[in-house]
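Geometric and topological summary
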Amino acid sequence: MKVYINSIRFNRSLVDGPGVRTVVFFQGCDIHCKGCQNPSSWNIEDGIPYDVEELVDLLKQKVINKKLTLSGGEPLLQKNAVIELIDKLPDFDIVLYTGHDLNEVPSEILQKINYIKTGAFVEELKTSTTPYVGSTNQNFMKVNHAKM
């Protein structure tokens with residue numbers, strides 16, 4: 001299965017979930033938040049195509065601590081690829097960043113990740129003091145204790 005990626009930041013992020021994390025920025029977004037930090041990710045056709053298996057191999061090689069955040073764009077636009085990716089990384093600590101509400105996230109994703117950030121970015125509610133979120137309307141929570 002193909003997946004479209006905007007960029008990958010290896011083993012460098014301290015703000016996209018607990019610990020030092022690798023962030024995979026998915027290409028394509030259906031929300032287009034005012035003040036978005038990554039508007040270059042909106043058009044899915046501008047992404048770099050990967051085969052999911054190729055992406056899995058790359059992540060297994062380079063993510064030294066197995067801490068991975070899936071961000072965007074909007075990863076749920078490619079939910080089947082997200083499901084395949086997380087299925088092939090069962091020993092990774094995975095955070096999903098989505099602008100959608102929690103009830104819009106497929107249960108087969110929620111059952112296999114460790115944390116989730118939900119809610120669209122609202123520029124008027126921007127915060128730099130609440131960990132792992134961009135605006136105060138967003139929620140960051142642990143969703144799967146068994147995987148820890």
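Please refer to the structure placed before this passage.
Now for a description of the structure that goes with this document. Note that the structure is a prediction, hence the values are computed from the model and not measured.

Observations concerning the overall build of the protein chain
Across its full length, the protein chain holds three helices and seven strands. Beginning at the N terminus, the succession of helices and strands in the protein chain can be written as β-β-β-α-β-α-β-α-β-β. A compact globule built from 148 residues would reach a C-alpha radius of gyration of about 15 Å, and the protein chain, at 14 Å, matches this within 12%. Oriented by its inertia axes, the alpha-carbon framework of the protein chain measures out at about 40 × 35 × 30 Å. The buried share of the protein chain, reckoned over its 148 residues, is 45%. The long-range share in the protein chain, meaning contacts at least 24 apart out of those at least 6 apart in sequence, stands at 61%. A total accessible area of about 7,400 Å² is found for the protein chain, and carbon and sulfur atoms account for 51% of it.

Comments concerning the pairing of strand 4 (residues 67-71)
Across the five residues of strand 4, four count as buried, placing the element largely inside the fold. Pairing of strand 2 (residues 21-26) with strand 4 involves four bridges; the strand directions are parallel. Across the sheet, the residue bridging to Val23 is Thr69, located in strand 4. Here strand 4 pairs with strand 5 (residues 93-97) via four bridges, running parallel. Within strand 5, the position partnered with Lys67 by the bridge is Asp93. Following the chain from strand 4 across helix 2 (residues 79-87) to the adjacent parallel strand 5, one finds a crossover that is right-handed.

Criteria and thresholds
Residues numbered from 1 in each chain as written. Predicted model: local features only at pLDDT ≥ 70, side-chain atom pairs only at ≥ 80, totals over all residues. Heavy atoms only, no water. Helix = DSSP H or I, 4+ residues; strand = E, 2+ residues; numbered from the N terminus. Rg over C-alpha atoms; globule rule 2.2 N^0.38 Å. Buried < 20%, exposed > 50% of the residue type's maximum accessible area, 1.4 Å probe, protein only. Contact = heavy atoms within 4.5 Å. Areas by Shrake-Rupley, 256 points an atom, 1.4 Å probe, with all protein chains shown as cover. Pairing = 2+ DSSP bridges. Right-handed = clockwise from strand over helix to strand, strands pointing away.

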